[in-house]
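Understanding the architecture of this molecule
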Amino acid sequence: MMVATNLTGSGTPPRTFQELACSFFLFGGLQQLTVSLSAVNILLSITAFLGSLLILVALHKDSSLHPPSKLLYRCLATTDLLVGLICQPLYATYWMSLGYEKKSLCRYAKDAGFITSYALCGVSLLTMTAISVDRLLALLLRLRYTQIVTLKRTYIIVAMFWVLSGLAASCFLLDYRITFLYGRIVIPSCLLILIVSYTKIFRTLSHHQAQVQDHIQQQPSHSNALNIARYRKAVNGALWVQLALVVCYAPEIVVEIVMAYSEISSSHLVIKAIAVFLIFFNSTLNPFLYCWKIKEVRQAATQTIKQTLCCPRS
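Residues numbered from 1 in each chain as written. Predicted model: local features only at pLDDT ≥ 70, side-chain atom pairs only at ≥ 80, totals over all residues. Heavy atoms only, no water.

Going by an unreviewed UniProt entry, the protein chain carries the name G-protein coupled receptors family 1 profile domain-containing protein and comes from Pocillopora damicornis. As recorded by UniProt, the Subcellular location (unreviewed entry) comment attached to the protein chain reads in full: "Cell membrane". (UniProt positions renumbered as here; feature names shortened; annotations may be inferred.)

**Examining the overall build of the protein chain**
The helix and strand inventory of the protein chain stands at ten helices and zero strands. The secondary structure elements of the protein chain, listed N-terminal to C-terminal, are α-α-α-α-α-α-α-α-α-α. Burial status across the protein chain gives 46% buried among its 314 residues. Intrachain contacts of the protein chain at a sequence separation of at least 6 include 81% that bridge at least 24 residues. Of the accessible surface of the protein chain, which amounts to about 16700 Å², a share of 67% is contributed by carbon and sulfur atoms. (Helix = DSSP H or I, 4+ residues; strand = E, 2+ residues; numbered from the N terminus. Buried < 20%, exposed > 50% of the residue type's maximum accessible area, 1.4 Å probe, protein only. Contact = heavy atoms within 4.5 Å. Areas by Shrake-Rupley, 256 points an atom, 1.4 Å probe, with all protein chains shown as cover.)

**Topic: the packing of helix H3 (residues 67–99) against helix H4 (residues 103–141)**
Relative orientation of the contacting elements H3 and H4 amounts to 160°, with a least axis distance of 8 Å. Taken together, H3 and H4 sit at an angle that is classed as roughly antiparallel. Relative to H4, H3 is oriented so that their crossing is left-handed. Among the residues making up the contact of H3 with H4, the classes are represented as 22 nonpolar, nine polar and three charged. (Axes fitted to C-alpha atoms, helices over the stretch in contact; angles between N-to-C directions. Parallel < 35°, antiparallel > 145°, perpendicular 65-115°, else oblique. Left-handed = near helix turned anticlockwise from the far one by under 90°. Nonpolar A, V, L, I, M, F, W, Y, C, P; charged D, E, K, R; others polar.)

**Notes on the pattern of salt bridges**
What the rule picks out here adds up to three salt bridges. Two residues, Asp134 and Arg135, come together in a salt bridge whose shortest N-O distance is 2.9 Å. Residue classification places Asp134 among the buried positions, given a relative accessible area of 6%. What makes Arg135 buried here is its relative accessible area of 11%. Between Arg177 and Asp175 there is a salt bridge; the shortest N-O distance is 3.1 Å. (Salt bridge = Lys/Arg side-chain N within 4 Å of Asp/Glu carboxyl O.)

**Notes on the environment of Glu296**
With respect to the element layout, Glu296 can be found in helix H10 (residues 295–309). On the accessibility criterion, Glu296 (24% relative accessible area) is partly exposed. Here the alpha-carbon distance between Glu296 and Leu65, two residues 231 residues apart in the chain, equals 8.1 Å.

**Some thoughts on the packing of H3 against helix H6 (residues 151–170)**
Put simply, H3 and H6 touch, their axes get as near as 9 Å, and they point 25° apart. The angle between H3 and H6 places the two elements in the roughly parallel class. In this structure, H3 crosses over H6, and the sense of that crossing is right-handed. Across from Pro67, Pro68, Leu71, Leu72, Cys75, Thr78, Thr79 and Leu82 in H3, the residues of H6 making contact are Leu151, Thr154, Tyr155, Val158 and Trp162. Residues that form the contact of H3 with H6 fall into these classes: ten nonpolar, three polar and no charged.

**Things to note about empty space enclosed by the protein**
Inspection of the entire model under this criterion finds four cavities of 30 Å³ or more. If you go around the largest cavity, you meet 13 residues; those closest to its centre are Tyr91, Trp95, Lys272, Ala273 and Val276. Listing elements by their share of the lining of the largest cavity, those giving two or more residues are helix H2 (31–61), H3 and helix H9 (266–293). A per-element tally of the lining of the largest cavity places H9 first, with six residues. Here the lining of the largest cavity is built from residues that sort into eleven nonpolar, one polar and one charged. (1 Å grid on protein atoms, 1.4 Å probe; cavity = no way out; pocket = protein on both sides within 12 Å on 5 of 7 lines; lining within 4 Å. Points joined across faces, edges and corners; volume = space filled by probe spheres on them.)

**Details of the environment of His208**
Mapping His208 onto the fold places it in helix H7 (residues 176–214). Residue classification places His208 among the buried positions, given a relative accessible area of 18%.

**Focus: the nonpolar core**
One broad rule of soluble globular proteins: the nonpolar side chains tend to lie buried together. Residues Ile55, Tyr73, Phe114, Ile201, Tyr231, Tyr290 and Val297 are the most contacted members of the largest nonpolar core, which totals 63 residues. Only H2, H3, H4, H6, H7, helix H8 (222–260), H9 and H10 provide two or more residues apiece to this core. No other element matches H4, which puts 16 residues into this core. Ignoring sequence-local partners within four residues, the contact set of Tyr290 consists of Ile55, Tyr73, Leu76, Ala77, Asp80, Val241 and Val297. (Core = buried A, V, L, I, M, F, W, Y, C linked by side-chain atoms within 4.5 Å.)

Laid out in structure tokens, this is it:
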């Protein structure tokens with residue numbers, strides 16, 4: 001949702017999604033579809049909220065993760081929770097108002113849903129990028145990592161993510177070009193940093209493995225082997241979460257590019273709705289990935305579920 005909408009070189013903007021999103025004539029006879037889309041958003045809202053809440057509780061209980069790394073994961077889980085709590089109910093309201101032709105409610109839900117989802121998606125992408133940089137610094141700095149990557153500095157960086165994304169999204173009400181310019185800068189920058197970070201990580205790990213094989217006669221310390229194995233698992237878990245984000249966001253980027261250079265019809269808007277659905281689905285998917293790929297989070301989440309379901313003894 002951070003990919004921008006459509007300005008032509010002539011200076012005359014074509015009819016965009018933002019202009020046609022509440023045009024009821026495009027959705028004539030599609031009331032059942034809009035109701036179904038609303039119901040799906042409500043369902044995903046519940047799963048994203050409950051799943052993210054569980055992850056936040058699990059992260060609070062876990063003491064094995066480095067505090068700055070834990071803060072980044074908590075920030076990511078918070079954005080997923082807010083997507084379920086705010087964005088998806090707004091989009092459900094939007095689709096219901098579109099189906100029942102409530103124009104004023106439709107415009108309010110559309111604008112509020114766009115601004116909040118744009119801001120939260122921005123924070124998610126920036127946080128994902130910070131996680132990749134955090135993993136790279138942990139590998140390169142080694143013993144100096146805990147001295148340089150402190151909790152205070154991480155709090156400052158996370159606060160900057162929220163402020164920047166919030167301001168960029170809010171500018172939509174004043175001048176939407178500022179909002180979309182922010183997206184055009186942030187998305188390629190984050191993707192470039194992600195690619196560079198993980199390329200450097202895997203090259204360094206490969207080099208380390210080659211060194212171990214070359215000096216096989218010299219027994220490496222057991223603690224160092226454990227640290228590298230644990231680091232690989234941490235990188236693997238972070239990479240799975242970030243790949244899920246790319247897969248879920250890619251269709252929306254493609255749809256926006258196509259809509260920028262073609263006349264928009266009801267079929268385009270339905271396809272865009274499906275693309276937005278995939279973005280929201282990412283907030284439901286993330287808690288499962290945390291539990292699958294991060295052993296400590298899985299154990300804490302399992303314990304939390306057992307404590308919640310088991311009735312206390314009288």
